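Fold and geometry: a report
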Amino acid sequence: MPASLDALVATHADLLERAQRAAHDRTYFSAYDESPSPRVYGEGAAEAGQHAYDALLGRPFDLPGHPDDGIPAGSEVSPYGPALGVTYPHAGVDALVEAARQGLPAWQATTPQVRASVAVEILGRINARSFEMAHAVMHTSGQAFVMAFQAGGPNAQDRGLEATIYALAEQERHATSTIWEKPQGKRPPLRMVKEFTPVGRGIALVVACNTFPTWNSYPGLFASLVTGNACVVKPHPGAVLPLAISVAVAREVLAEHGFDPNLVLLATEAEGELLAADLATHPAVGIIDFTGGPAFGTWLEEHCVSKQVYTEKAGVNQVLFESTDAYRAALANLAFTLSLYSGQMCTTTQTIYLPADGVRTDEGLRTPAEFAADLSTALDGLLGDDARAAGILGALVNDDVADRLAGQPKESVVVESRPVAVPEWPDARVRTPLVHLADPTDRPSWTAECFGPVSFLVPLPREQMTDVFEQVTREKGSLTAGVYSIDEAFIGGVRAAALRACVALSENLTGGVFVNQTAAFSDFHATGGNPAANASYADGQFVAGRFRVVGIRRHAPEPAAVEGR
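Residues numbered from 1 in each chain as written. Predicted model: local features only at pLDDT ≥ 70, side-chain atom pairs only at ≥ 80, totals over all residues. Heavy atoms only, no water.

Looking now at the nonpolar core. By size, the foremost hydrophobic cluster in this structure holds 170 residues, and its most contacted members are Phe61, Leu161, Phe321, Tyr353, Phe371 and Leu375. Those residues in contact with leucine 161, other than ones at most four positions away along the chain, are Leu15, Leu16, Ala19, Phe29, Ala31, Tyr32, Val120, Leu123 and Phe521. Tyr41, Ala45, Ala134 and Phe149 belong to the second-largest nonpolar core, a separate cluster that totals 5 residues. (Core = buried A, V, L, I, M, F, W, Y, C linked by side-chain atoms within 4.5 Å. Buried < 20%, exposed > 50% of the residue type's maximum accessible area, 1.4 Å probe, protein only. Contact = heavy atoms within 4.5 Å.)

Shown next, in the form of structure tokens:
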């Protein structure tokens, strides 16, 4: 192995070991600090990141050596108003596949440790550009700046590192070589030299989403790269820039260490193109990671059965609010959950079940109508100041979300959505959450996914709440679930239902942890066990299918022959 790769492995060995230990123990661990403080990233880092972002706008994005057929690609408009004006290299499916193939032999011939070390080097360099990335994520996803910095930067980088250490661990599960010896009684034993090499499936495709372009893409990207595959990254047309930056860094690191930069490629769409489907069905593509709506996710699962397909689709996330001894704190926690990024997180609670005869609280019994009024008060307290509200809500990511919110029926609304003014961005569409008090008999209205700042309070007989929760999870899928109750028997029933339906459960959250947030190295994001997702970030299943172990064996020399040399 070249000295430069030896040095790279040595440089990152400690971080990989610490990350693997944390993933095993499920304790708190973060390699990349989520605080945008100058004490962490250095004086002037914020300003430098702003300047770096500004320098990208209104011009072609530079990816040296990337396939490019000259067809224009790039039409991003910030949810806060301005057009980015960035154009990107464009190439057809065959050109991308051919470019990706070229570097595979050398990449697969190196060791998993080298591939993991290259991945960590990429993540470290992306981390150094976290302020630049924050602006790119903010102006493509609509996240407020601090959230864009954290979720689009260090939190996403941690998820990439988590996938890296799982990929490394699965490839190191077995010995790479052995002397196999089978006794044969009085005859000499059978002796073989056996070597075992993890071999990637070839080319991986990452189909990214608009709302969390890096956070949802890094797990698949780094899991595939570390397991010996080339990666084609297909961004959402509305959120190309964050992944273009990521691809540029990956290509730079690969080239510096003697590998073909085309092991990581950017697949941008021209007007009217259906590039994701064309790439997904290409025979050379063996792995697909998809985040997005259920229609295309299900299509991929049904039409790419010969490939390894990992999907995170939509779901109906639910909370059962049966009783509490900390009513105001629970309402505050729920209000923040519904408000964060305007409900545009795949983990945001949509449906909240209440006992039809009222929620038992430390302030007395609260009827569903009274609960709705109390939740409205909690939301007003959180979002009453426009400047604070804008920092929590961010902007609506696209017209689909805005139209969905505007089209809500008025008769069942108990918490109205209002526009929030952002003087710095007068064209931003910022809206507070809308809440319905739903008719429990109109099940289609509250069991259909309604992505965005829309939630439903559903009064049910207390004894039916758990059964309905389990049924909806099994039928529609859920990425998160929550329960509030002071009744241990009720919580035990919900816990058992969550295990049967395979959804992560949060119990009685009242503090600084929210049902729609997960921590890398500790919380599994999705379980892969219900219709919302067929995979988890990250576990062994998420990486093991990306490679196969190929054995090579031959007769071993007899011990005497070795001694006689």
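Time to look at helix 6 (residues 112–128). If you check helix 6, its first and last C-alpha atoms are 25 Å apart, about what 17 residues at 1.5 Å a residue would give, namely 24 Å. Burial analysis of helix 6 places 13 of its 17 residues in the buried class, the great majority of the element. (Helix = DSSP H or I, 4+ residues; strand = E, 2+ residues; numbered from the N terminus. Expected span 1.5 Å × (residues − 1).)

The subject of this paragraph is the packing of helix 9 (residues 154–171) against helix 10 (residues 218–226). Their axes nearest at 8 Å, the elements helix 9 and helix 10 cross at an angle of 30 degrees. Taken together, the axis directions place helix 9 and helix 10 in an arrangement best described as roughly parallel. Helix-helix and strand crossings are classified by hand; for helix 9 and helix 10 the assignment is right-handed. Here helix 9 contributes Ala156, Gln157, Arg159, Gly160, Ala163, Thr164, Ala167, Leu168 and Gln171 to the contact with helix 10, which in turn contributes Tyr218, Pro219, Phe222, Ala223 and Val226. Across the contact of helix 9 with helix 10, the residue classes break down as 9 nonpolar, 4 polar and 1 charged. (Axes fitted to C-alpha atoms, helices over the stretch in contact; angles between N-to-C directions. Parallel < 35°, antiparallel > 145°, perpendicular 65-115°, else oblique. Left-handed = near helix turned anticlockwise from the far one by under 90°. Nonpolar A, V, L, I, M, F, W, Y, C, P; charged D, E, K, R; others polar.)

Taking 1.5 Å per residue as the helical rise, helix 15 (residues 368–383) with its 16 residues ought to reach 22 Å, and the 22 Å between its terminal C-alpha atoms agrees with that figure. Among the residues of helix 15, those classed as buried are Pro368, Phe371, Ala372, Asp374, Leu375, Ser376, Ala378, Leu379, Leu382 and Leu383.

This paragraph deals with empty space enclosed by the protein. On inspection of all chains with the given rule, the structure shows 3 cavities of 30 Å³ or more. What the largest cavity holds in volume is close to 90 Å³. Elements with a contribution of two residues or more to the lining of the largest cavity: strand 3 (203–207), strand 6 (285–291) and strand 7 (308–312). Looking at the lining of the largest cavity, its residues break down into 9 nonpolar, 6 polar and 2 charged. (1 Å grid on protein atoms, 1.4 Å probe; cavity = no way out; pocket = protein on both sides within 12 Å on 5 of 7 lines; lining within 4 Å. Points joined across faces, edges and corners; volume = space filled by probe spheres on them.)

Another point: the pairing of strand 6. Burial of strand 6 is extensive: 7 of the 7 residues sit out of reach of the surface. Pairing between strand 3 and strand 6: 5 bridges, direction parallel. Residue leucine 205 lies in a different strand from strand 6, and its bridge partner there is isoleucine 288. Pairing analysis gives 5 bridges linking strand 6 to strand 7, with the strands arranged parallel. Directly across from phenylalanine 290, in strand 7, lies its bridge partner threonine 311. A crossover connection joins strand 6 to the parallel strand 7 through helix 13 (residues 294–303); in handedness this β-α-β unit is right-handed. (Pairing = 2+ DSSP bridges. Right-handed = clockwise from strand over helix to strand, strands pointing away.)

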